[in-house]
Structures are given as C-alpha cells and as structure tokens.
Amino acid sequence: TKKEAAKSDAPKADKKIVLGFSQVGAESEWRTANTESIKAAAKEAGIELKFSDAQQKQENQIKAIRSFIQQKVDVIAFSPVVETGWDDVLKEAKAAKIPVILTDRAIKMSSGNAEDYYVTFMGSDFVEEGKRAAKWLVDYMKKDNEPVNVVELQGTVGSAPAIDRKKGFEEVLKDHPNYKIIKSQTGDFTRAKGKEVMEAFLKSAQAEGQKIDVLFAHNDDMAIGAIQAIEEAGLKPGKDIVIVSIDGVKGAFEAMIAGKLNCTVECSPLLGPQLMEAAKDLMTGKQLPKRILTKEGVFPAEVAAKELPNRKY
Ligand code: GYE
C-alpha cells in the first residue's frame, strides 16, 4: 500500500536528501534567476544539492546525469537543453531506480513513452506563451488588412521553448494573414547572438527593400541584444520596430520603462521551492502529478514602472 511504501522509502531523520541537478547553462537572465532559485531553495529545505552547469551542451548534461547515477543520488533533476537524445541516459537512471524530475523544459523519446522515464515535469506552457505574445501583438497593432512584417529571433535550436513558442505564435497569426514572418533565425537565447542576428536581419531587409515592423524574440535577452542593433542602425526600438519578447526579467521591465520594448510575456524561473518540495514528497513516497504548471501573466510597457518593484527576477 501507499502507507507502507511511504514508511520504507522514508529517509532516516539524520540522512539528508541528495539531489543532483543538471542545469542548461547561464545563457540568460532567466537562467541565472532559475539557478539562484534552485540553490537558495535547496539550502532552505536542507537538501544537499549537487549542481552542474552544462554550458548549453547536451553532452555535458548527459555526463552530469551519469555521474549522479554513479554517486547514487536520491533524486536527479534536469532542465533538458534540447528535446531529443535522452533515451539512453534516462534508461540508465530508471535501471538504477533513481527518480528523475524534469524542470522547465520537456523531452521527447525516440521510442517508448517519455512519461515512463520521469516522475514529474514542472514548468511553463511554452505554446501558451507564444500565443499570448501574438495575441498581445495583434491587439496592439490594430492592423487588420495592411501587411505587417515580423522578424523572429528563435531560442536554442531543438529546445522545447523555441519549438513551442514558435508554434503558439504562428497558431494565432494563422487567423491574421496580413502578418508575415519574413525572417526567422536562432539567437540561442543570448544577448550577443540576438544582437548579431538582428544586425543581419536589418541589413538583408534593407538590401531587399523590406520594412521590418515587428520583432518577436523568444526571450528577453535576445530582445535586449536586438534593441542595441536597432539603435546602432539609427532606428528607434519600440517605435520604428514594435518588440515583444518572453520571460519578464528585470532587464525587460527596464527596457519597457525606457520605451524600447513594448511587451514581455511572463515565464517564471522561480522553480526552486517546488522542486525541493517534489524531492521531499518523492522521498516520503507521495505520488506526484505528472505535470506541475507554472502560472504567469503578460506585461505591456504601460504597466512596467508600476510592476518593476514587484519583480523577483
Ligand atoms: O525563456 C530563456 C532561457 O527554458 C524557459 O531558457 C527557459 C528559457 C528562457 O534561456 O531565457
């Protein structure tokens, strides 16, 4: 029974839960806030955290997870940099009977059911975030017939947030055929790449005689990098080019207050407390829901000054 399981799985009072966490990297403000949240929550919960930074490389994450298995940690958690390629290592964790928690990003298995290889997946609904960005945009632009040229800065190729945000955004724009994504490329979720790719967009648009009306960036950091490129090209970000991005980091609120960013769609990185609770629940034999969804909102520039003091990341 459940009760018996709880009894036999419960750690002795003096034994700390050991949690191995493999982080994607430190590519964005979102990510550093996520790391801080996890480290602080582990401390607070009295959980021993083995933290590993993969520098956006899947091979590093796989190595870290293997080393957690070897060290026989109680729980493994990771935020998968890309969706696919986890089959082998997740099978190894399962064989070692170490429960795996997915945080932030989802996975796809090449064979079998992904849900059989993790106990819970906590994080945001990225398709919904993409939809929210597009809905805000259509509302804001108030253009039903004139063509609207959109450029898109995508997140890391093959990552759940890049795939899903694009999907959600396009789904809403399908009903607004005057909106056209004229250029779309990855900026790998970083400021530097966001700037670089935006420079290329501006140059090629100019060469082709196209006007860029809107930038949709899959995260705030790429938008902030792009804002620099737009300014350097002698244009006004937020006015000449309307910009909507995702995350809701402080840097985005500051850019909105400065009039350079028009809207950010919230995606909370503060998953630490939930993760520690889930690890504890697992150790006491509690059943976890397969999906723990983050609640979040949309913040247009008009509310930025009022909201900034309330922002926690
Ligand atoms: O939006 C981006 C980060 O996976 C939700 O990763 C996360 C994304 C976030 O680098 O800023």
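Residues numbered from 1 in each chain as written. Predicted model: local features only at pLDDT ≥ 70, side-chain atom pairs only at ≥ 80, totals over all residues.

- As recorded in an unreviewed UniProt entry, the protein chain goes by the name Periplasmic binding protein domain-containing protein, listed as coming from Lucifera butyrica.
- Database annotation for the protein chain, UniProt heading Subcellular location (unreviewed entry): "Cell envelope". (UniProt positions renumbered as here; feature names shortened; annotations may be inferred.)

## A word on the environment of Leu 202
Part 1: Following the sequence through the fold, Leu 202 ends up in helix H7 (residues 191–208).
Part 2: Using a count of 21 C-beta atoms within 10 Å as the deciding quantity, one classes Leu 202 as buried.
Part 3: Not counting residues up to four positions away in its chain, the partners in contact with Leu 202 are Ile 212, Ala 229 and Ala 233. (Helix = DSSP H or I, 4+ residues; strand = E, 2+ residues; numbered from the N terminus. Buried ≥ 20, exposed ≤ 12 C-beta atoms within 10 Å, placed from the backbone. Contact = placed C-beta atoms within 7 Å.)

## A closer look at the pairing of strand S4 (residues 100–103)
Part 1: What you see with S4 is no split at all: Val 100 and Leu 102 on one side and Ile 101 and Thr 103 on the other are buried throughout.
Part 2: Traced from strand S3 (residues 75–78) through helix H4 (residues 87–95) to S4, the parallel crossover comes out right-handed.
Part 3: Across three bridges, S4 lies against strand S5 (residues 120–123) in parallel orientation. Note that in S5 the partner of Leu 102 across the bridge is Phe 121. (Right-handed = clockwise from strand over helix to strand, strands pointing away. Pairing = 2+ DSSP bridges.)

## Description of the confidence of the model for the protein chain
Part 1: When the pLDDT values of the protein chain are averaged, the result is 95; 96% of them are 70 or greater.
Part 2: Mean pLDDT in the protein chain bottoms out at helix H1 (residues 2–9), which sits at 48, and peaks at strand S8 (residues 214–217), which reaches 99.
Part 3: Residue range residues 1–8 is modelled with pLDDT below 50. Its contacts to residues more than four positions away, or to other chains, number four contacts. (pLDDT = per-residue confidence, 0-100.)

## Structural notes on the sheet that holds strand S6 (residues 148–154)
Part 1: The strand order across the open sheet formed by six strands is S7-S6-S8-S9-S10-S12, and the pairing between neighbours is mixed. Each having just a single partner strand, strand S7 (179–186) and strand S12 (298–300) make up the two edges of the open sheet. Going from strand to strand, the sheet's axes swing by 15° on average, the running direction of each strand aside.
Part 2: Both S6 and S7 contribute to a ladder of seven bridges, which runs parallel. By the bridge assignment for S7, Val 150 is matched with Ile 181. (Axes fitted to C-alpha atoms, helices over the stretch in contact; angles between N-to-C directions.)

## Regarding helix H3 (residues 58–70)
Part 1: Its 13 residues give H3 an end-to-end C-alpha distance of 18 Å, which sits within 8% of 18 Å, the value for a rise of 1.5 Å per residue.
Part 2: When we look at burial in H3, the residues that qualify are Gln 61, Ala 64, Ile 65 and Phe 68. When H3 is viewed along its axis, its buried side chains cluster within an angular range of 95° and face the same direction. With respect to the buried face of H3, the exposed residues turned more than 90 degrees away are Glu 59 and Gln 70.
Part 3: Positive backbone phi, approximately 55°, marks Lys 72, located one or two places after H3. (Expected span 1.5 Å × (residues − 1). Arc of directions from axis to C-beta.)

## Some words on the sheet that holds strand S1 (residues 18–23)
Part 1: On the basis of which strands lie adjacent, the open sheet formed by six strands has the order S2-S1-S3-S4-S5-S11 and parallel pairing. Across the chains shown, the open sheet's two edge strands, defined by having one partner strand only, are strand S2 (48–53) and strand S11 (291–293). With strand direction ignored, the average angle separating the axes of adjacent strands in the sheet is 20°.

## Things to note about the nonpolar core
Part 1: Membership of the largest hydrophobic core comes to 46 residues, with the highest contact counts inside it found for Leu 215, Ala 223 and Ala 226.
Part 2: The leading source of residues in this core is helix H8 (residues 220–232), at seven residues.
Part 3: Among residues more than four places away in sequence, those in contact with Leu 215 are Val 151, Leu 153, Ala 223, Ala 226, Ile 241 and Ile 243.
Part 4: Counting residues in each nonpolar core, the second largest holds 36 residues, with Val 24, Val 81, Val 89 and Ala 93 among its members. (Core = buried A, V, L, I, M, F, W, Y, C linked by C-beta atoms within 7 Å.)

## A short note on the pairing of S8
Part 1: Alternating residues of S8 divide into Val 214 and Phe 216 and Leu 215 and Ala 217, and every residue in both groups is buried.
Part 2: Note that S6 and S8 share four bridges and pair parallel. For Val 150, the partnering residue across the bridge sits in S8 and is Val 214.
Part 3: Inspection of the sheet shows S8 paired to strand S9 (residues 242–247) by four bridges, in the parallel sense.

## Digging into unusual backbone geometry
Part 1: Residues other than glycine seldom take positive phi values, yet Gln 56 does so here, at roughly 65°.
Part 2: Relative to the elements of secondary structure, Gln 56 occurs in the loop between S2 and H3.
Part 3: The exposure class assigned to Gln 56 is partly exposed, which follows from the 19 C-beta atoms found within 10 Å.
Part 4: Phi is positive for Phe 189, which is not a glycine, with a value near 70°.
Part 5: Mapping Phe 189 onto the fold places it in the loop between S7 and H7.

## Details of the site of the ligand
Part 1: Neighbouring the ligand are 13 residues, the closest being Ser 28, Trp 30, Pro 161, Phe 189 and Asn 219.
Part 2: Breaking the shell around the ligand down by element, the ones donating at least two residues are helix H2 (29–45) and S9.
Part 3: Taken together, the residues of the shell around the ligand sort by class into five nonpolar, two polar and six charged. (Near = placed C-beta within 6 Å. Nonpolar A, V, L, I, M, F, W, Y, C, P; charged D, E, K, R; others polar.)

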